[in-house]
Amino acid sequence: ISLGLVGSEMCIRDRAKGNRGLLDEIRRGEGRVSGWMAPAITLSTWSTHLCGGSAGAEGAALQLGGGIAAGACRMFRIRESARPLLLAAGMAAGMAAVFGLPWSAGLLVWEITRGRHSRQLLGIVLLAAWTAAGVCASFGVQHVNYHALGPAGVAGALRLNGLQQLGMAGLLALLVGGMYQLYHELQQQLQRRAQGLWGESLWQPFFGALLVLGIAFACGQRDCLGLGVRSADPVSYTHLRAHETEA
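Residues numbered from 1 in each chain as written. Predicted model: local features only at pLDDT ≥ 70, side-chain atom pairs only at ≥ 80, totals over all residues. Heavy atoms only, no water.

Novice: Mind laying out the overall build of the protein chain, listing which residues take part and the relevant values?
Specialist: Within the protein chain, the secondary structure is distributed over 11 helices and zero strands. Seen in sequence order, the protein chain has helices and strands lined up from the N terminus as α-α-α-α-α-α-α-α-α-α-α. Relative to its 247 residues, the protein chain shows a buried fraction of 28%. Put simply, of all contacts in the protein chain between residues at least 6 apart along the chain, 63% involve residues at least 24 apart. When the accessible area of the protein chain is evaluated, it comes to approximately 16000 Å², of which 65% is carbon and sulfur surface. (Helix = DSSP H or I, 4+ residues; strand = E, 2+ residues; numbered from the N terminus. Buried < 20%, exposed > 50% of the residue type's maximum accessible area, 1.4 Å probe, protein only. Contact = heavy atoms within 4.5 Å. Areas by Shrake-Rupley, 256 points an atom, 1.4 Å probe, with all protein chains shown as cover.)

Novice: Before we move on, can you summarise the packing of helix H6 (residues 102–113) against helix H7 (residues 118–138) with the specific residues and values?
Specialist: Angle between the axes and distance between the axes are the two parameters that describe a pair of packed helices. Running from N to C, H6 and H7 point in directions that differ by 150°, and their axes come no closer than 8 Å. Here H7 runs roughly antiparallel to H6, going by the angle between their axes. You can see that H6 and H7 cross each other, and the crossing is right-handed. Contacts between H6 and H7 pair Pro102, Trp103, Ala105, Gly106, Leu107, Val109, Trp110 and Thr113 from the former with Ser118, Leu121, Leu122, Val125, Leu126, Ala129, Trp130 and Ala133 from the latter. Its residues placed into classes, the contact of H6 with H7 shows 13 nonpolar, three polar and no charged. (Axes fitted to C-alpha atoms, helices over the stretch in contact; angles between N-to-C directions. Parallel < 35°, antiparallel > 145°, perpendicular 65-115°, else oblique. Left-handed = near helix turned anticlockwise from the far one by under 90°. Nonpolar A, V, L, I, M, F, W, Y, C, P; charged D, E, K, R; others polar.)

Novice: Account for the side chain of arginine 83, naming residues and giving values.
Specialist: Position of arginine 83 among the secondary structure elements: in helix H5 (residues 83–99). Given a relative accessible area of 3%, arginine 83 falls into the buried group.

Novice: Let's hear about the packing of helix H2 (residues 18–28) against helix H4 (residues 58–75): which residues, and what values?
Specialist: Running from N to C, H2 and H4 cross one another at 50°; their axes reach a closest spacing of 9 Å. In terms of their interaxial angle, H2 and H4 are classed as oblique. Note on packing geometry: the crossing formed by H2 with H4 is left-handed. Across the interface between the two elements, Gly18, Asn19 and Leu22 from H2 touch Gly59, Leu62, Gln63 and Gly66 from H4. A breakdown of the residues in the contact of H2 with H4 according to their chemical character gives two nonpolar, five polar and no charged.

Novice: How would you summarise the nonpolar core if you had to cite specific residues and measurements?
Specialist: Leu22, Val33, Leu87, Ala88, Met91, Val109 and Val125 are the most contacted members of the largest nonpolar core, which has 22 residues in total. Of all elements in the fold, only H2, H4, H5, H6 and H7 reach the threshold of two or more residues within this core. A total of seven residues in this core trace back to one element, the largest contributor, which is H5. What methionine 91 contacts, discounting residues up to four positions off in sequence, is Leu22, Leu23, Ile26, Ala61, Leu62, Gly65, Gly66, Val109, Ile112 and Thr113. (Core = buried A, V, L, I, M, F, W, Y, C linked by side-chain atoms within 4.5 Å.)

Novice: Describe the environment of valine 144, with residues and values.
Specialist: Looking at the secondary structure, you find valine 144 in the loop between H7 and helix H8 (151–158). A relative accessible area of 29% places valine 144 in the partly exposed class. Sequence spacing of valine 144 and arginine 230 is 86 residues, and the spatial spacing of their C-alpha atoms is 9.8 Å. If we skip the residues at most four places from it in the chain, valine 144 touches Val229, Arg230 and Leu240.

Novice: Break down H5 for me, citing the residues and quoting the values.
Specialist: Under the 1.5 Å per step criterion, the end-to-end length of H5 is 25 Å for 17 residues, consistent within 8% with the ideal 24 Å. The buried count for H5 comes to 12 of 17 residues, which makes it a mostly enclosed element. Among all positions in H5, only Arg83, Pro84, Leu85, Leu87, Ala88, Ala89, Gly90, Met91, Ala92, Gly94, Met95 and Ala96 are buried. On its buried face, H5 is in contact with H2, H4, H6 and H7. Once H5 finishes, glycine 100 follows within two positions and takes phi at roughly 70°, a positive value. (Expected span 1.5 Å × (residues − 1).)

Novice: If you had to explain a nonpolar patch on the surface to someone new, which residues and values would you point to?
Specialist: Taken together, the side chains of Trp203, Phe207, Leu210, Leu213 and Phe217 make up a nonpolar region of the molecular surface, amounting to roughly 530 Å² of accessible area. Relative to the assigned elements, phenylalanine 207 resides in helix H10 (residues 203–219). (Patch = residues over 30% accessible without salt bridge, like charges linked within 9 Å, V, L, I, M, F, W, Y side chains within 5 Å. Salt bridge = Lys/Arg side-chain N within 4 Å of Asp/Glu carboxyl O.)

Novice: How would you explain unusual backbone geometry if you had to name every residue and give the values?
Specialist: A positive phi angle, near 55°, is found at arginine 77, a position not held by glycine. Mapped onto the elements of the fold, arginine 77 is located in the loop between H4 and H5. Judged by its relative accessible area of 76%, arginine 77 falls in the exposed class.

Encoded structure:
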């Protein structure tokens, strides 16, 4: 909680912060990404996992790459017209470096950032993503491999043919899209209500940490805490176990 308060104090002066700040600057040229973004998101994510908190790596990867790109733009005095392209390239590079999925990283960033620079953007973000993945591979960085996501995984266990696999993929896409829309609406509602209660203040991480701890104790288990990919407890429900199938 204390580290969260310190991180908020570092970033709260900048209104255009987080993924929202990155997208606003890339799409519309609004706001200015803080120079504290990259170190702040790295330290806050590490401290959250170290203390048993629940935090995903996707937003952290985007902000880390975007923050480094913003710092490079300032250091080398990149002209304003090229700045959005480099920020998007940094986001794609960060995503690819963390997850080792350059195609997915490049297409994701292109989808969420396209606007004024759509025609130029796709090639730039794919090049950045593949370069970052190549650098990681050259240093022997190992990424999590979800074997069960392939044809030999879920579809193989259910004995589905090609047409059935295509239908299942479409159904899952609709379900996931609907769930994300619901999640997005709930998040916006909660964010507006929270800002109405205490605004942009240091109380946000404090009450957020208490809420996470309260949910964990109420559920009586801690499987959802931390990054959730692996656990020292063999019976914990993790991301890897969620993709396991039985023959």
